[in-house]
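Each chain, written out:
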Amino acid sequence: MKVLALNSSPRGKGQSKTNLMLTPLVDGMQDAGAEVEVIELRRKTIQNCIGCYTCWTKTPGKCIHKDDMTAELFPKWLASDMVVYATPLYNYGMNAALKVFIERTLPSMEPFFEIRNNRMHHPLRFKVPGIVILSVAGMPDEGHFKAISNQMRYSTATPGRQLMAEIYRPAAEMLTNPAVRDKRNEILEATAQAGRELVRSQQISTATMAIVTQPLSDPKSFAHFANAFWKTCIAEGVTPKEFGKKNLRPRPDTMEAFMLMMPLGFNPDGAKDLRATLQFEFTGEVEGACHFAIADNAITAQAGRAEKPDLTITSPFEVWMDIMTGKADGAQMLMEGKYTAEGNMDLLLNMGKLFG
């Protein structure tokens, strides 16, 4: 089987979640024996279709433009058994780069009109590849892919066209978060399995797809984390890419956000067999109390005071947020009396191991 995988993301490797999902899919396809070529559309020159219909009249099957689409990509597309359209979700649809590519496949059709099953369509001039659509979105629910799904299903519901699979990964920006490492590994391995299944049977099993699309967090936690991230970007005057390069951390601005985000930084490997309760008493910008119970290499957050905490930290909220986000040194702040700690001080000393 010959597969053409088109990555329309404008981002490069390391930042592109489209690429993060496409890579294991391609690996799985190759593992199953397919010949796969990956092309990044951002590196190609593809002009917009101008609707001149030269490809339907004067030069049937050939576009008037002289660019990478005419010289290279369209012939490769026609020669493929399967094409993977990989795109980030922009404004509920495929991004512009992929849309331009698809519009430029117009020479594959003839100008005539046929009616099949009460639907009018243009017949195909050439045999075209089966389509796999892969898309990633920042939003955490699959409902945001409805528009692109409807478009792909409608556009392939005519003779000679086939939509072989739809792969949609919500909350994709979370895939690089260390807190979801195990789930990410499951998702990427299932995506590779999806690639193997597509080559072997031209479809993806329901069980495999369930793993690929599994939730990474509950919507409430997701929203708090995402809002803290964007507020931090705005406050620091950085883009998301610069945020990563500077190793910044999202800054909680409410007690609820702190309780939801603190466990995201928990490091089970650092906890080992630890059983302990950490109590926080906050004053200043945000007042209140909460505690975290660590047991069985897991952590749970609860509002209010614990009955018998192993360590109690009393601090102005803004001071501890400075420490949590790396703006201030915890040991230095303690020495300066900016906050107090009572109980098992070994827990305080090992905070760096417990929370990444």
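Counting of residues starts from 1 at the beginning of each chain's written sequence and follows it residue by residue. With pLDDT at 70 or above as the cut-off, local features in this predicted model cover only qualifying residues; side-chain atom pairs require 80 or more to be listed or tallied, and sums for whole chains, interfaces and linings still use all residues. Only hydrogens and water are set aside when side-chain values are computed; all heavy atoms of the structure are taken into account.

Draft legend 1. The environment of C55, seen in detail. Segments assigned H or I by DSSP are reported as helices when at least four residues long, segments assigned E as strands when at least two residues long, and all are numbered from the N terminus. By secondary structure assignment, the location of C55 is in the loop between β2 (35-40) and α2 (68-79). Exposed residues in this analysis have more than 50% of their type's maximum accessible area, buried residues have under 20%, and partly exposed residues fall in between, with area computed by a 1.4 Å probe over protein chains only. A relative accessible area of 6% means that C55 is categorised as buried. Linking C55 and Q203, residues 148 residues apart in sequence, is a C-alpha distance of 33 Å.

Draft legend 2. Expanded view of the layout of surface pockets. Site definitions follow a grid-based scheme: protein atoms alone, a 1 Å grid, a 1.4 Å probe that fits but cannot get out for cavities, and for pockets an open set with protein on both sides within 12 Å along at least five of seven lines, plus lining residues having an atom within 4 Å of a point. Grid points are joined across faces, edges and corners, and a volume is the space filled by probe spheres set on the points. Volume-wise, the second largest pocket comes out at about 580 Å³. Around the second largest pocket, the lining is made up of 28 residues, and of these I102, T105, M109, S155 and R161 lie nearest the centre. Residue assignment for the lining of the second largest pocket shows that the elements contributing at least two residues are α3 (96-103), β5 (119-121) and α4 (146-155). Here the element with the most residues in the lining of the second largest pocket is α4; it accounts for four residues. Amino acid classes used here: Ala, Val, Leu, Ile, Met, Phe, Trp, Tyr, Cys and Pro are nonpolar; Asp, Glu, Lys and Arg are charged; the rest, including Gly, are polar. For the lining of the second largest pocket, the residue count by class is 15 nonpolar, nine polar and four charged.

Draft legend 3. Inspection of the pattern of salt bridges at higher detail. Basic side-chain nitrogens of Lys or Arg form a salt bridge, by our definition, when they fall within 4 Å of a carboxyl oxygen of Asp or Glu. Evaluation of the coordinates by the stated rule reveals 20 salt bridges. E40 serves as the salt-bridge partner of R42, at 3.1 Å between the closest nitrogen and oxygen. What you see here is one network of salt bridges that share partners, running through E37, K44, E72 and K76.

Draft legend 4. Seen up close, the environment of V319. Within the secondary structure layout, V319 lies in helix α11 (residues 317-324). Using a relative accessible area of 13% as the deciding quantity, one classes V319 as buried. With 126 residues separating them along the chain, V319 and Q193 place their C-alpha atoms 47 Å apart. Beyond its immediate sequence surroundings of up to four residues, V319 is in contact with M333 and K338. Contacts were defined at the residue level, with two residues in contact if any of their heavy atoms lie within 4.5 Å.

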